[in-house]
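These are the residues of each chain, in order.
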Amino acid sequence: GAAGATRLRVGYVSADFGDHPLTHLTRGLFALHDRSRLEVFCYSLRQSDRSAPRAAVESAAEHFVDVSSSDSAAIAARIAADGIHVCVDLNGFTSGARTELFALRPSPLQVGMLGFPGSSGGAFLDYLATDAVASPPQLEHLYSEALLRLPPSYLVTDHAQTLLHCGILPPAAVSAAWLRGGGGGGAGGGD
């Protein structure tokens, strides 16, 4: 890009930045963004549970904002004031979500991702990050969002957490298959 060009500002909104499956899946994601092109914001809808996963997201995101004590209108105003270009709803219709803040359109582009793999049914999300299994092509007409299909799966996985951490696979198996992206050599899993 041109010298002095503004980086794309991406904001992730979630009630699950803590010891929650969503954070276990995404905690490596926030540090992997190309910081020369993207500026990462995380907006937490819940107070800190003081867990290691929460701390990992807080340190990985360039900007981590606890908005748990604010109402939805104030959160939407904060997102707009931060100049977020793309706002990602990591909750959808799940516990602790503030879906109404997306109806206030705090950013020009809004995407549903991960927490709820179904349609919002509203006009407030432009895209839904999904895959062909969660959102079969023959049912695309039932979605209010444009579908952004991610191959092979919409599920994000923290690359730093492997099955080896659980004591399941020997190091050779991890390095030979999983870390290479081969998935263990099953159907569709080869190189």
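What you see is a predicted model, and the numbers here were worked out from it, not measured in a lab. (Residues numbered from 1 in each chain as written. Predicted model: local features only at pLDDT ≥ 70, side-chain atom pairs only at ≥ 80, totals over all residues. Heavy atoms only, no water.)

(A) Quick look at the sheet that holds strand β1 (residues 8-14). If you trace the seven strands from one edge of the open sheet to the other, you get β3-β2-β1-β4-β5-β6-β7, paired in parallel fashion. Each edge of the open sheet is held by one strand with a lone partner, namely β3 (63-66) and β7 (146-149). Averaged over neighbouring strand pairs, the angle between their axes works out to 25 degrees when direction is ignored. For strand β6 (residues 127-130) and β7, the ladder comprises four bridges, and the chain directions are parallel. Paired with Ala-129 across the strands is Leu-148, a residue of β7. Strands in contact with helix α2 (residues 52-60) are β2 (38-44) and β3; relative to β3, the strand with the most contacts, it is inclined by about 125 degrees. (Pairing = 2+ DSSP bridges. Helix = DSSP H or I, 4+ residues; strand = E, 2+ residues; numbered from the N terminus. Axes fitted to C-alpha atoms, helices over the stretch in contact; angles between N-to-C directions. Contact = heavy atoms within 4.5 Å.)

(B) Highlighting the pattern of salt bridges. Applying the stated rule across the entire model yields 10 salt bridges. Residue Glu-62 pairs with Arg-7 through a salt bridge whose shortest N-O separation is 2.8 Å. You can see Glu-62 sitting in the loop between α2 and β3 and its partner Arg-7 sitting in the segment before β1, a full 55 residues away along the chain. Take Glu-62: its relative accessible area is 31%, and that puts it in the partly exposed class. Arg-7 gets classed as partly exposed once you look at its relative accessible area, which sits at 23%. The salt bridge involving Asp-66 is made with Arg-54; its shortest N-O contact spans 3.6 Å. Of this pair, Asp-66 sits in strand β3 while Arg-54 sits in helix α2; the two residues are 12 residues apart in sequence, bridging distant segments of the chain. Judged by its relative accessible area of 38%, Asp-66 is partly exposed. Arg-54 gets classed as buried once you look at its relative accessible area, which sits at 2%. (Salt bridge = Lys/Arg side-chain N within 4 Å of Asp/Glu carboxyl O. Buried < 20%, exposed > 50% of the residue type's maximum accessible area, 1.4 Å probe, protein only.)

(C) Quick peek at the pairing of strand β5 (residues 109-113). Burial within β5 is extensive, with four of its five residues counted as buried. In this sheet, β6 lies alongside β5 in parallel orientation, the contact comprising three bridges. Each residue of the ladder has a partner; that of Gly-112, found in β6, is Leu-128.

(D) Representation of the side chain of Asp-82 within the structure. Looking at the element boundaries, Asp-82 is found in the loop between α3 (72-81) and β4 (86-89). The class of Asp-82 is buried, set by a relative accessible area of 13%. Engagement of the side chain of Asp-82 in a polar contact is seen with the side chain of Tyr-43, the distance being 2.6 Å. Apart from the residues lying within four places of it in its own chain, the contact partners of Asp-82 are Arg-9, Phe-41 and Tyr-43. (Polar contact = N/O pair within 3.5 Å; in protein donor to acceptor, adjacent residues only side chain to side chain.)

(E) Seen up close, the nonpolar core. If you look at the biggest cluster of nonpolar residues, it comprises 20 residues, and the most contacted ones within it are Tyr-12, Phe-17, Phe-30, Cys-42, Val-88, Leu-90 and Met-113. Of all elements in the fold, only β1, β2, α2, β4 and β5 reach the threshold of two or more residues within this core. Ranked by the residues each element gives to this core, the list is headed by β2, at three residues. Those residues in contact with Cys-42, other than ones at most four positions away along the chain, are Tyr-12, Phe-17, Phe-30, Val-57, Ala-61, His-63, Phe-64 and Val-65. (Core = buried A, V, L, I, M, F, W, Y, C linked by side-chain atoms within 4.5 Å.)

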